[in-house]
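Each chain, written out:
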Amino acid sequence: DDAEWLIRMVENLLSITRVGGENTSIQKSPEPAEEVVADAVRKFRRLYPDINVQAELPEDVLFVPMDAVLISQVLSNLLENAVVHGGGHTTEIRLSVRREGPEAVFAVEDNGDGIEHKVLPHLFDGTLAAAAGDTENGGKRNMGLGLSVCQAIIHAHSGSIEAHNLMEGAEFVFRLPLEQEEEKA
């Protein structure tokens, strides 16, 4: 467990280092969203075989300009986050992708305990562990990096990310533009 945690931590640190500052340019190419989703779900199921994951994909192939490795990392972080922070009650996760106008919308919805209201403002700023008062294991198990990595990656893709509570559980939604910046000119 500790080795897997360390691998995920290193992947997150490498991802955020690769993305760098806000003006970082990443290499995007049109990728089929369902392949990126399938990759993230496959990795997740190896770690959490008892959690039911349902993927809802558009009928037509949806090509999204992205760095597939980085977006797969975002999806992996959000899926794992649903289990780790679901209060031990997450048994089902729904991962959906749809087109909304000029954007691809990815959503990860769980049936866990939801997000504590006191941590909502800190979800993406890297201070999640401190905001939640996480001192268990010296705070090492939850350093709050995963969601700040997600935000950095999504912003590098000129997208947006948000989270909110549902009647049962929580939902994380990120949006990516379907046109690359060079194509808009």
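What counts, and where the lines are drawn
Residues numbered from 1 in each chain as written. Predicted model: local features only at pLDDT ≥ 70, side-chain atom pairs only at ≥ 80, totals over all residues. Heavy atoms only, no water. Helix = DSSP H or I, 4+ residues; strand = E, 2+ residues; numbered from the N terminus. Contact = heavy atoms within 4.5 Å. Areas by Shrake-Rupley, 256 points an atom, 1.4 Å probe, with all protein chains shown as cover. Salt bridge = Lys/Arg side-chain N within 4 Å of Asp/Glu carboxyl O. Buried < 20%, exposed > 50% of the residue type's maximum accessible area, 1.4 Å probe, protein only. Phe/Tyr/Trp six-rings, centres within 6.5 Å; stacked < 30°, edge-to-face > 60°. Pairing = 2+ DSSP bridges. Expected span 1.5 Å × (residues − 1). Polar contact = N/O pair within 3.5 Å; in protein donor to acceptor, adjacent residues only side chain to side chain. Core = buried A, V, L, I, M, F, W, Y, C linked by side-chain atoms within 4.5 Å. Axes fitted to C-alpha atoms, helices over the stretch in contact; angles between N-to-C directions. pLDDT = per-residue confidence, 0-100.

*Asks:* Lay out the overall build of the chain in plain terms, naming residues and giving numbers.
*Replies:* Along the chain, the regular secondary structure elements total six helices and seven strands. Put simply, 72% of the contacts in the chain that link residues at least 6 apart link residues at least 24 apart. Accessible surface computed for the chain: about 10,000 Å², of which carbon and sulfur atoms make up 50%.

*Asks:* Any chance you could break down the pattern of salt bridges for me, citing the residues and the numbers?
*Replies:* Under the criterion given, the structure shown has eight salt bridges. Here E100 and R98 are joined by a salt bridge, their closest N and O atoms 2.8 Å apart. What makes E100 partly exposed here is its relative accessible area of 32%. Its relative accessible area of 35% is what places R98 among the partly exposed residues. We note a salt bridge from E116 to K118, for which the minimum N-O separation is 3.9 Å.

*Asks:* Explain the packing of aromatic side chains to me, using residue names and the numbers behind them.
*Replies:* The final tally for this structure, using the stated rule, is three aromatic pairs. Relative to F174, the ring of F106 lies with its centre 4.7 Å away and its plane at 5°, an arrangement referred to as stacked. Of this pair, F106 sits in strand 5 (residues 103–110) while F174 sits in strand 7 (residues 170–177), placing them 68 residues apart in sequence. Neither F106 nor F174 differs from the other in exposure class; each is buried.

*Asks:* Please give an account of the pairing of strand 5 that cites residues and values.
*Replies:* Along any regular strand, the residues point their side chains to alternate faces of the sheet. Burial runs high along strand 5: six of the eight residues are buried. Here strand 4 (residues 92–100) runs beside strand 5; their pairing, made up of eight bridges, is antiparallel. The residue of strand 5 that forms the bridge with L95 is V108. As paired elements, strand 5 and strand 7 share seven bridges and run antiparallel to each other.

*Asks:* Explain helix 3 (residues 68–84) residue by residue, including any values.
*Replies:* The end-to-end C-alpha separation of helix 3 is 24 Å, in line with the 24 Å expected for 17 residues at 1.5 Å each. The element helix 3 is extensively covered by neighbouring structure, given that 14 of its 17 residues are classed as buried. The opening residue of helix 3 is D67, an N-cap whose side-chain oxygen sits 3.1 Å from the backbone nitrogen of V69.

*Asks:* Help me get a handle on the nonpolar core, residues and values and all.
*Replies:* Across soluble globular proteins, nonpolar side chains have a tendency to be buried as a group. Residues I71, L75, I93, F106 and F174 are the most contacted members of the largest nonpolar core, which totals 44 residues. Every element with two or more residues in this core is listed here: helix 2 (33–47), strand 3 (63–66), helix 3, strand 4, strand 5, helix 5 (145–156), strand 6 (160–165) and strand 7. Top contributing element to this core by residue count: helix 3, with eight residues.

*Asks:* Can you tell me about the sheet that holds strand 7, naming the residues and giving the values?
*Replies:* An order of 2-4-5-7-6 is seen for the five strands of this open sheet, with the pairing classed as mixed. Each edge of the sheet is formed by a strand with only one pairing partner; in this case those strands are strand 2 (52–56) and strand 6. Strand-to-strand twist of the sheet, defined as the mean angle between neighbouring strand axes without regard to direction, takes the value 15°. Bridge analysis of strand 2 against strand 4 gives five bridges, and the strand direction is parallel. Directly across from E56, in strand 4, lies its bridge partner S96.

*Asks:* Kindly report on the confidence of the model for the chain, identifying the contributing residues and their values.
*Replies:* Residues at a pLDDT of 70 or more form 75% of the chain, whose mean pLDDT is 82. Within the chain, the element-level pLDDT minimum falls on helix 6 (residues 181–184), averaging 47, and the maximum on strand 5, averaging 97. Below pLDDT 50 for its whole length, residues 134–143 participates in 14 contacts with residues either more than four positions away or in separate chains.

*Asks:* Before we move on, can you summarise unusual backbone geometry with the specific residues and values?
*Replies:* A positive phi angle, close to 60°, is found at S158, a residue other than glycine. Summarising the element assignment, S158 is placed in the loop between helix 5 and strand 6. Relative accessible area serves as the criterion here: at 43%, S158 is assigned to the partly exposed category.

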